[in-house]
Amino acid sequence: MSEPTGPETSRDAGEAMTELFAFLRRRISGDYEIDEFGFDPEFHDKVLLELLRPLYRHWFRVETLGLENVPVDSGALVVANHSGTLPLDALMLQVASHDEAGRAVRLLGAHLVYQLPVLGHLARKGGHTLACPEDADRLLRKGELVGVFPEGFKGIGKPFSERYRLQRFGRGGFVTSAIRAGVPIVPCSIVGAEEIYPKIGEVPVLARMLGLPYLPITPFFPWLGLFGLVPLPSKWLIEFGEPIRTDEFDPEQADDPAVIFELTDHIRETMQQRLNDVRLRRGPAFQPF
């Protein structure tokens, strides 16, 4: 079947150019809105996600499962595993949430992200904010879909030999925020990121000099220079699991270490089991296009 040509194609191109010029005019004139966290919905939709979609759809070929578990218009806390040496899993979760579930996920990022001028600015415009209780509480109380990676750098920087093994979840601050806001916790399993940059070593001395949590060595980086930063085209699955309710807890229990530890441990065990199951469902990491 031949591609459409003629007046229809010209009209589509004309509409695209009209939208582009309108977008640029709004940016230049300042006729756009941002919220108190710096979130710029138009920039998020028209620029950031457009740049990420080719990776999402054609390189990693992401499939999503359990979309019915994402609340349509109320607050929830998505808790996901973290891996991959570079945080592409966070970006793919961002696309999945927006394009498949119809929600902009407000990810909570490490302090390091916001210490870097360009990256920190883009993260704010993309809807993300600092991983601190104050910001998490405010977003959840506003009914936002908030995303957190409780493994932090321990998860994303773990060696390839420990792939798909969840690391420690810290002190469970995300559970405290969910109980205080009375919102459900949605466990999220991301399979595929572990294989994009197989970490086989690191350079601790140079990492400390650069102020980085680690400087990875992979089979291709730094040996191939910038080409070594091209992620391997692994097959991805992202599953949103069954929500875990927190509205059954009394708000005062958010300050009870025993309650927080028990619920955090339950969430971690649930996520590890689902991660194992989704990995089996995915099959081989590298599949024909």
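Looking at an unreviewed UniProt entry, the protein chain carries the name Phospholipid/glycerol acyltransferase domain-containing protein, with the source organism given as Sphaerimonospora thailandensis.

1. Thoughts on the overall build of the protein chain
A tally of helices and strands in the protein chain yields ten helices and nine strands. Taken over C-alpha atoms, the radius of gyration comes to 20 Å for the protein chain, in line with the 19 Å a tight globule of 289 residues would show. Projected onto its principal axes, the C-alpha positions of the protein chain cover 65 × 45 × 45 Å. Per-residue burial over the protein chain gives 46% buried out of 289 residues. Long-range pairs, those at least 24 residues apart, make up 77% of the contacts in the protein chain with a sequence separation of at least 6. Total accessible area on the protein chain stands at roughly 15,200 Å², and carbon and sulfur atoms take up 60% of it. Counting 31 positive and 40 negative side-chain charges, the protein chain places the averaged centre of each group 6 Å from the other.

2. Considering the packing of aromatic side chains
A full pass over the atoms with the stated rule returns three aromatic pairs. Look at Phe60 and Trp236: their rings are 4.6 Å apart centre to centre, the planes differ by 25°, and that puts the pair in the stacked class. In this pair, Phe60 is assigned in the loop between α2 (41–59) and β1 (63–65) and Trp236 in the loop between β8 (216–217) and β9 (237–240), connecting sequence segments 176 residues apart. You can call Phe60 buried: its relative accessible area is 0%. Geometry around Phe160 places Arg163 over its ring, the cationic atom sitting 4.1 Å from the centre. Just above the ring of Tyr214 sits the side chain of Lys199; from NZ or CZ to the centre is 4.8 Å.

3. Here's the deal with α2
Between its first and last C-alpha, α2 extends 25 Å over 19 residues, near the 27 Å set by a 1.5 Å rise per residue. Along α2, the helix axis deviates most sharply at Leu49, where the bend reaches about 45°. Taken as a whole, α2 has its buried residues at Glu42, Phe43, His44, Leu48, Leu49, Leu52, Arg53 and Tyr56. Arg61 occupies a position one or two residues after α2 and carries a positive phi of about 50°.

4. A few points about the pairing of β9
Residues of β9 alternate between two faces, with Leu237 and Glu239 on one and Ile238 and Phe240 on the opposite face, all of them buried. Relative to β9, β1 runs parallel, the two being bridged by three bridges. Bridge assignment links Glu63 to a residue of β9, and that residue is Leu237. Note: strand β6 (residues 185–191) against β9, four bridges, orientation antiparallel. Paired with Cys188 across the bridge in β9 is Phe240.

5. Brief notes about the sheet that holds β9
Taken together, the seven strands give an open sheet; going across it, the order is β1-β9-β6-β2-β5-β3-β4, and neighbouring strands pair in mixed fashion. Whereas interior strands pair on both sides, the edge strands pair on one side only; in this sheet they are β1 and β4 (129–130).

6. What to know about a nonpolar patch on the surface
A cluster of nonpolar residues, Trp59, Phe220, Trp223, Leu224, Phe227, Val230 and Phe289, forms a patch on the protein surface that exposes about 830 Å² of accessible area. Secondary-structure assignment places Trp59 in helix α2.

7. So, the packing of helix α6 (residues 133–141) against helix α8 (residues 173–181)
Between α6 and α8, the least distance of the axes is 9 Å, while the angle of their chain directions is 35°. Viewed along their axes, α6 and α8 form a crossing whose handedness is right-handed. The residues of α8 that touch α6, namely those facing Pro133, Ala136, Asp137, Leu140 and Arg141, are Ser177, Ala178, Arg180 and Ala181. Among the residues making up the contact of α6 with α8, the classes are represented as five nonpolar, one polar and three charged.

8. Details of the environment of Arg141
As for its position among the elements, Arg141 is in helix α6. By relative accessible area, which is 57% here, Arg141 ends up exposed. In this structure, the C-alpha to C-alpha distance between Arg141 and Ser74, residues 67 residues apart in sequence, is 9.4 Å. Every residue in contact with Arg141, bar those within four places of it in the chain, is listed here: Arg180 and Ala181.

Criteria and thresholds
Residues numbered from 1 in each chain as written. Predicted model: local features only at pLDDT ≥ 70, side-chain atom pairs only at ≥ 80, totals over all residues. Heavy atoms only, no water. Helix = DSSP H or I, 4+ residues; strand = E, 2+ residues; numbered from the N terminus. Rg over C-alpha atoms; globule rule 2.2 N^0.38 Å. Buried < 20%, exposed > 50% of the residue type's maximum accessible area, 1.4 Å probe, protein only. Contact = heavy atoms within 4.5 Å. Areas by Shrake-Rupley, 256 points an atom, 1.4 Å probe, with all protein chains shown as cover. Lys, Arg positive; Asp, Glu negative; His and termini not counted. Charge placed at Lys NZ, Arg CZ, Asp CG, Glu CD. Phe/Tyr/Trp six-rings, centres within 6.5 Å; stacked < 30°, edge-to-face > 60°. Lys NZ or Arg CZ within 6 Å of the ring centre and 35° of its normal. Expected span 1.5 Å × (residues − 1). Bend = angle between axes of the 7 residues up to and from the residue. Pairing = 2+ DSSP bridges. Patch = residues over 30% accessible without salt bridge, like charges linked within 9 Å, V, L, I, M, F, W, Y side chains within 5 Å. Salt bridge = Lys/Arg side-chain N within 4 Å of Asp/Glu carboxyl O. Axes fitted to C-alpha atoms, helices over the stretch in contact; angles between N-to-C directions. Left-handed = near helix turned anticlockwise from the far one by under 90°. Nonpolar A, V, L, I, M, F, W, Y, C, P; charged D, E, K, R; others polar.

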